[in-house]
Amino acid sequence: MQQPPSAPRDRPGLNPTWRRIAASYALLLVFFALLWAISQPLAGLGALAALAGLVVGARRAARLRRCFYTCDALTLKPFGSVRITISRVENSN
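Read on for an overview of the structure. (Residues numbered from 1 in each chain as written. Predicted model: local features only at pLDDT ≥ 70, side-chain atom pairs only at ≥ 80, totals over all residues. Heavy atoms only, no water.)

Structural notes on a positive patch on the surface
Rule in force here: A residue counts toward a patch only above 30% relative accessible area and without a salt bridge, and it is joined to like-charged neighbours within 9 Å or, for Val, Leu, Ile, Met, Phe, Trp and Tyr, to nonpolar neighbours within 5 Å. The accessible surface values rely on the Shrake-Rupley method and a 1.4 Å probe; as for residues, cover is taken only from the protein chains in view. For salt bridges, the criterion is a side-chain nitrogen of Lys or Arg within 4 Å of an Asp or Glu carboxyl oxygen. In this tally, Asp and Glu contribute negative charge and Lys and Arg positive charge; neither His nor the terminal groups of the chain are included. Positions of charges follow a simple convention, taking NZ of Lys, CZ of Arg, CG of Asp or CD of Glu. Counting from the N terminus, the helices are DSSP H or I runs at least four residues long and the strands are E runs at least two residues long.
A surface patch of like charges, here positive, comprises R59, R60, R63 and R66. Its location among the elements puts R63 in helix α2 (residues 41-71).

Quick look at the packing of aromatic side chains
Spelled out, the test is: Within 6.5 Å between ring centres, the rings of Phe, Tyr and Trp (the latter by its six-membered ring) count as paired, and their orientation is classed by plane angle as stacked under 30 degrees, edge-to-face over 60, tilted in between. Working definition: with a 1.4 Å probe on protein chains only, accessible area under 20% of the residue-type maximum means buried, over 50% means exposed, and in between means partly exposed.
Counting across every chain of the model gives one aromatic pair. Between the aromatic rings of F31 and F32, the centroid separation amounts to 5.5 Å while the plane-to-plane angle is 65°, which identifies the pairing as edge-to-face. Classification of F32 as partly exposed rests on a relative accessible area of 46%.

Looking at a nonpolar patch on the surface
Nonpolar side chains collect at one region of the surface, where W18, I21, Y25, L28, F31, F32 and L35 lie side by side and expose about 820 Å² of accessible area between them. Following the sequence through the fold, I21 ends up in helix α1 (residues 18-39). By relative accessible area, I21 is classed as partly exposed at 33%.

Thoughts on the packing of α1 against α2
Applicable threshold: Axis angles are defined between N-to-C directions and span 0 to 180 degrees, where every axis is a line fitted to C-alpha atoms and, for a helix, only to the segment in contact. Working definition: roughly parallel below 35 degrees, roughly antiparallel above 145 degrees, roughly perpendicular at 65 to 115 degrees, and oblique for all remaining angles. We call two residues in contact when some of their heavy atoms are within 4.5 Å. Throughout, the ten residues Ala, Val, Leu, Ile, Met, Phe, Trp, Tyr, Cys and Pro are labelled nonpolar, Asp, Glu, Lys and Arg are labelled charged, and all others, Gly among them, are labelled polar.
Direction vectors running N to C along α1 and α2 enclose 125°, while the axes themselves pass 5 Å from each other. Judged on the interaxial angle alone, α2 and α1 are oblique. Contact residues: W36, A37, I38 and S39 in α1; P41, A43, G44 and A47 in α2. Its residues assigned to classes, the contact of α1 with α2 comprises six nonpolar, two polar and no charged.

Laid out in structure tokens, this is it:
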């Protein structure tokens, strides 16, 4: 003889956390963005290129910041023969 299914209150729940709630909203936004990109392919490609540029720019800025605080100076060569050196001023407290 089969047993009837257990009552819902006896089953382990999903235990909603803020991370799960944020992930579900993010998936919903991705779904609608995908629908928009399918209906407007040129605008979708432009938005994707802009997002990729922002990600690359943010990663490079974070790397430059980390290097500046680790090395206390940063030298840039924007035109080949010109050097620009940026250094931190020491506090005399």
